[in-house]
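Here is what each chain is made of, one letter per residue.
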Amino acid sequence: MSLKLPIYFDHAATTPCDPRVVEAMLPYFTEVYGNPGSRNHSFGWAGEAAVDTARDQVSNLIGADRKEVVFTSGATESNNLAIKGGAQMYAKKPAGSTGRGHVITATHEHKATLDPCKRLQKEGFDVTFLEPGRDGIITAEMVKNAMRDDTILVSLLWANNEIGTINEVPEIGALCHDRGVIFHVDGTQWVGKMPTDVNAAQIDLMSFSAHKMYGPKGVGGLYVRRRRPRVRLTALAEGGGQERGFRSGTLNVTGIVGLGKAAELASQEMTKDADRLRKLRDRIETTVTEKLDTVQINGHREKRLPHMTNISFGFVEGESLMMACKDIAMSSGSACTSASLEPSYVLKALGVGDDLAHSSLRLSLGRWTTEEEVHYATNKIIESVEKLRVLSPLYDMHNEGIDITKIEWAAH
Amino acid sequence: MAYSTKVVDHYENPRNVGSFGTQKEIKERKDVGVGLVGAPECGDVMQLQIKVDEATGKIEDAKFKCFGCGSAIASSSLATEWLKGRTVDEGLAIKNTEIVEELSLPPVKIHCSVLAEDAIRAAIADYKTKNGIEAKEPAHAH
């Protein structure tokens, strides 16, 4: 197979649509265009049938009942609905008062969780931001220690989007159900990649997104438990009362069909994909650590997603490394373009030094990643790190035995 | 973000990369001025060195090393080009705005040019201190 450049190693940002998903969606643009809300004619019924099929496909993927799936525009909306809608519904005191209830999340969550939680703080709720250990994992023990009598909601990622580390979700689910606390999981990076069973993991609310699992952008969903307990939410979007009133607005039938098909394909292919990508990911890590000194793999080595890796290459700045590897699409924890000059807050939360956070790359592989691509990218990264280390004053100092952490750097 | 052609050129073919010795040696060399600015935790460290011809007072050679983004590397590479052949006082006349203009740096990358100017000033100040020449103006602070 010939190698095609550029190479896409940023599947944690978004995935290409599977052609089978696109094929499934096509009729719903021009042929089957009825509004599922139109209950009085065949066009509407056809739209409703398509949505019902998708609901089955999605609920099968996550082990839920079809009635527990609420379609949204994506995981950001789902997180907002779960966190803000959940807190409003379970608040201990009315709006305008303080001490309305306690929410637990973590410092290295996605912004789509952190910002809604910060909003809750302004609206009279207390929020605890748990700090992970160096391995990046939030344990049931940490959650247990943070629980209070007035805790109403715990919101955590299943797997972290920058480092892929996996939180102790089933254990935390059991703990929350013991205490009668609602448990929301942001499953954006997890669902469609790893086996998911909302009942086994005792999850009450779970966000997911189509475009992270080879479906289209702009569609996702929120799992809302209906039994033991029956979870209620205050809707953010009010109107036509679609999706059991949780999310008004005409359903994005075409997108939902795409999400459904993507979910069906994920159910069939995730194990095969994960096994194959784990081997490729491990090969990247083994090769770079063999060929280069001062390389650090961030996050827990085993308890993380198989298709991604986050690596810090000491003494080399991430953005310049990406520039050297311009035919490979990746992400960096460096924040050289941001006004604040702050590197990744996720890596900082793990206690990774700012210098190594600036030196990090996230590589995330996908369904069509080939061995040739992995081989090319690994060599290119090694070659680029070597080139940039020739340029790096820090690497010189390191080699001369100077401890760069002991130098008094002028802050700027 | 797309880089300008000049940034890419300096990044891919950096001019005057290197050092006039180990950290210990350059600290002791009187004909060499060293400017080490930035900080690893900010994602930018520049080391700029000038070698001054005692007879003429001109910068006969300049070298740099840089840990930073493409724009930081290009800014320090450009600084070494501009310094060569100037007297130390002429070197002080180089302004970050000229670097911004030459490399077409976008607003988010202006700090790279500021750092390069700082490095120039620090290297010249180091040379002057080593040779007992009084600095004419205080080091640039920001």
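The structure presented is a predicted model; accordingly, all values stated were derived computationally and were not measured.

1. A closer look at the overall build of chain B
Turning to step 1, where the next piece is worked out: Helix and strand content of chain B: six helices and three strands.
Turning to step 2, where the next piece is worked out: Each helix and strand of chain B, ordered N terminal to C terminal, gives the series α-α-β-β-β-α-α-α-α.
Turning to step 3, where the next piece is worked out: The C-alpha atoms of chain B give a radius of gyration of 14 Å, which matches the 14 Å a tight globule of 142 residues would have.
Turning to step 4, where the next piece is worked out: By its C-alpha atoms, chain B is 45 × 30 × 30 Å across when sized along the principal axes.
Turning to step 5, where the next piece is worked out: Sorting the 142 residues of chain B into buried and exposed places 53% on the buried side.
Turning to step 6, where the next piece is worked out: Across chain B, contacts joining residues at least 24 apart in sequence account for 60% of those joining residues at least 6 apart.
Turning to step 7, where the next piece is worked out: In chain B, the 18 positive side-chain charges and the 22 negative ones have mean positions that sit 3 Å from each other.

2. Examining the domain arrangement of chain A
Residue and element names in this part refer to chain A.
Turning to step 1, where the next piece is worked out: Under the domain assignment, chain A is made up of domain 1 (7–12 + 271–398) and domain 2 (19–266).
Turning to step 2, where the next piece is worked out: Using C-alpha coordinates to define each centre, domain 1 is positioned 30 Å away from domain 2.
Turning to step 3, where the next piece is worked out: With 26 residues of domain 1 at the contact, the number on the domain 2 side is 30 residues.
Turning to step 4, where the next piece is worked out: For the pairing of domain 1 and domain 2, the buried interface totals around 2400 Å² over both sides, and the portion due to carbon and sulfur atoms is 57%.
Turning to step 5, where the next piece is worked out: Across the domain 1-domain 2 interface, the total number found is zero salt bridges.
Turning to step 6, where the next piece is worked out: At the boundary of domain 1 with domain 2, the tally comes to eleven residue pairs in polar contact (both at pLDDT 80 or more).
Turning to step 7, where the next piece is worked out: Considering each element in turn, the side of domain 1 that touches domain 2 owes the most residues, four residues, to helix H10 (residues 345–349).
Turning to step 8, where the next piece is worked out: Counted by class, the side of domain 1 that touches domain 2 contains twelve nonpolar, ten polar and four charged residues.

3. A closer look at the interface of chain A and chain B
Turning to step 1, where the next piece is worked out: Taken together, the contact between chain A and chain B spans 31 residues of the former and 33 residues of the latter.
Turning to step 2, where the next piece is worked out: Counting the surface lost from both chain A and chain B, the interface buries some 2800 Å², and carbon and sulfur atoms represent 67% of this.
Turning to step 3, where the next piece is worked out: Remark: the boundary between chain A and chain B carries three salt bridges.
Turning to step 4, where the next piece is worked out: Of the charged contacts in the structure, one is a salt bridge between Glu12(B) and Lys326(A), with a shortest N-O distance of 2.8 Å.
Turning to step 5, where the next piece is worked out: Run the count over chain A and chain B and you get 13 residue pairs in polar contact (both at pLDDT 80 or more).
Turning to step 6, where the next piece is worked out: The class makeup of the residues in the side of chain A that touches chain B is 17 nonpolar, six polar and eight charged.

4. Looking at the pattern of salt bridges
All names here are of chain B.
Turning to step 1, where the next piece is worked out: The final tally for this structure, using the stated rule, is 36 salt bridges over all chains.
Turning to step 2, where the next piece is worked out: Taking the shortest distance from any N to any O, the salt bridge between Lys24 and Glu28 comes out at 3.9 Å. Of the two residues, Lys24 and Glu28 both sit in helix H2 (residues 23–28), four residues apart, roughly one turn of that helix. The burial state of Lys24 is the same as that of Glu28; both residues are exposed.

5. Observations regarding the environment of Asn35(A)
All names here are of chain A.
Turning to step 1, where the next piece is worked out: Residue position: Asn35 is located in the loop between helix H2 (27–30) and helix H3 (42–62).
Turning to step 2, where the next piece is worked out: For the pair Asn35 and Leu280, spaced 245 residues apart in sequence, the C-alpha to C-alpha distance is 44 Å.
Turning to step 3, where the next piece is worked out: Residues contacting Asn35, with those up to four places away along its chain left out, are Gly44 and Thr250.
Turning to step 4, where the next piece is worked out: At a separation of 3.4 Å, a polar atom in the side chain of Asn35 contacts the side chain of Thr250.

6. Some remarks on a positive patch on the surface
Residue and element names in this part refer to chain A.
Turning to step 1, where the next piece is worked out: A grouping of Lys67, Arg227, Arg228, Arg230 and Arg244 is seen on the molecular surface, where their side chains present a positively charged patch.
Turning to step 2, where the next piece is worked out: Here Lys67 is to be found in the loop between H3 and strand E2 (69–72).
Turning to step 3, where the next piece is worked out: When its relative accessible area of 48% is taken as the criterion, Lys67 is described as partly exposed.

7. Here we look at the nonpolar core
Turning to step 1, where the next piece is worked out: In terms of nonpolar packing, the biggest core is built from 61 residues, with Phe9(A), Phe313(A) and Ile50(B) touching the most fellow members.
Turning to step 2, where the next piece is worked out: Apart from residues no more than four positions distant in its own chain, Ile50(B) is found in contact with Phe20(B), Asp31(B), Val32(B), Gly33(B), Ile59(B), Asp61(B), Ala62(B), Leu83(B), Val88(B), Ala123(B), Ile124(B) and Tyr127(B).
Turning to step 3, where the next piece is worked out: Counting residues in each nonpolar core, the second largest holds 52 residues, with Ile62(A), Leu130(A), Met194(A) and Val219(A) among its members.

8. Brief notes about the sheet that holds strand E5 (residues 151–157) of chain A
Residue and element names in this part refer to chain A.
Turning to step 1, where the next piece is worked out: The seven strands lie next to each other as E2-E8-E7-E6-E5-E3-E4, forming an open sheet whose pairing is mixed. What marks the edges here is a single partner per strand, and that holds for E2 and strand E4 (126–130). Each strand axis lies, on average, 20° off the axis of its neighbour in the sheet, ignoring direction.
Turning to step 2, where the next piece is worked out: Alignment of strand E6 (residues 182–186) against strand E7 (residues 205–209), held across three bridges, turns out to be parallel. Looking at E7, one finds that His184 is bridged to Leu205.
Turning to step 3, where the next piece is worked out: Of the strands in this sheet, E2, E7 and strand E8 (220–224) are in contact with H3, which crosses E2 at around 115°.

9. With respect to the sheet that holds strand E9 (residues 295–297) of chain A
Residue and element names in this part refer to chain A.
Turning to step 1, where the next piece is worked out: Reading across the sheet, the four strands line up as E9-E10-E13-E12 and stay open at both edges, with antiparallel pairing between neighbours. Across the chains shown, the open sheet's two edge strands, defined by having one partner strand only, are E9 and strand E12 (331–332).
Turning to step 2, where the next piece is worked out: The pairing of E9 with strand E10 (residues 308–313) spans three bridges and is classified as antiparallel. Across the sheet, residue Gln296 finds its bridge partner in E10, namely Ser312.
Turning to step 3, where the next piece is worked out: Sheet contacts for helix H8 (residues 253–291): E9, E10 and strand E13 (360–364); angle to E10, the most-contacted strand, approximately 15°.

10. Things to note about the pairing of strand E3 (residues 102–106) of chain A
Residues and elements named next belong to chain A.
Turning to step 1, where the next piece is worked out: By the criterion of burial, E3 is predominantly enclosed, with five of the five residues buried.
Turning to step 2, where the next piece is worked out: Judged by which residues are buried, E3 turns out to be covered on both faces: His102, Ile104 and Ala106 on one side and Val103 and Thr105 on the other are all buried.
Turning to step 3, where the next piece is worked out: Across five bridges, E3 lies against E4 in parallel orientation. From the neighbouring strand, Val103 faces E4, where its bridge partner is Val127.
Turning to step 4, where the next piece is worked out: For the crossover that starts at E3, traverses helix H5 (residues 111–122) and ends in the parallel E4, the hand is right-handed.

11. Concerning the environment of Arg179(A)
Residues and elements named next belong to chain A.
Turning to step 1, where the next piece is worked out: Considering the arrangement of structural elements, one finds Arg179 in helix H7 (residues 169–179).
Turning to step 2, where the next piece is worked out: Note on Arg179: relative accessible area 43%, which makes it partly exposed.
Turning to step 3, where the next piece is worked out: Taking the C-alpha atoms as reference, Arg179 lies 9.7 Å from Arg148; in sequence the two are 31 residues apart.
Turning to step 4, where the next piece is worked out: Each residue touching Arg179, except ones within four places of it in the same chain, is listed here: Lys144 and Met147.

Procedures and definitions
- Residues numbered from 1 in each chain as written.
- Chains lettered and ligands numbered in written order.
- Predicted model: local features only at pLDDT ≥ 70, side-chain atom pairs only at ≥ 80, totals over all residues.
- Heavy atoms only, no water.
- Helix = DSSP H or I, 4+ residues; strand = E, 2+ residues; numbered from the N terminus.
- Rg over C-alpha atoms; globule rule 2.2 N^0.38 Å.
- Buried < 20%, exposed > 50% of the residue type's maximum accessible area, 1.4 Å probe, protein only.
- Contact = heavy atoms within 4.5 Å.
- Lys, Arg positive; Asp, Glu negative; His and termini not counted.
- Charge placed at Lys NZ, Arg CZ, Asp CG, Glu CD.
- Domains from an automatic or database assignment.
- Buried area = accessible area lost by both parts, 1.4 Å probe.
- Salt bridge = Lys/Arg side-chain N within 4 Å of Asp/Glu carboxyl O.
- Polar contact = N/O pair within 3.5 Å; in protein donor to acceptor, adjacent residues only side chain to side chain.
- Nonpolar A, V, L, I, M, F, W, Y, C, P; charged D, E, K, R; others polar.
- Patch = residues over 30% accessible without salt bridge, like charges linked within 9 Å, V, L, I, M, F, W, Y side chains within 5 Å.
- Areas by Shrake-Rupley, 256 points an atom, 1.4 Å probe, with all protein chains shown as cover.
- Core = buried A, V, L, I, M, F, W, Y, C linked by side-chain atoms within 4.5 Å.
- Pairing = 2+ DSSP bridges.
- Axes fitted to C-alpha atoms, helices over the stretch in contact; angles between N-to-C directions.
- Right-handed = clockwise from strand over helix to strand, strands pointing away.

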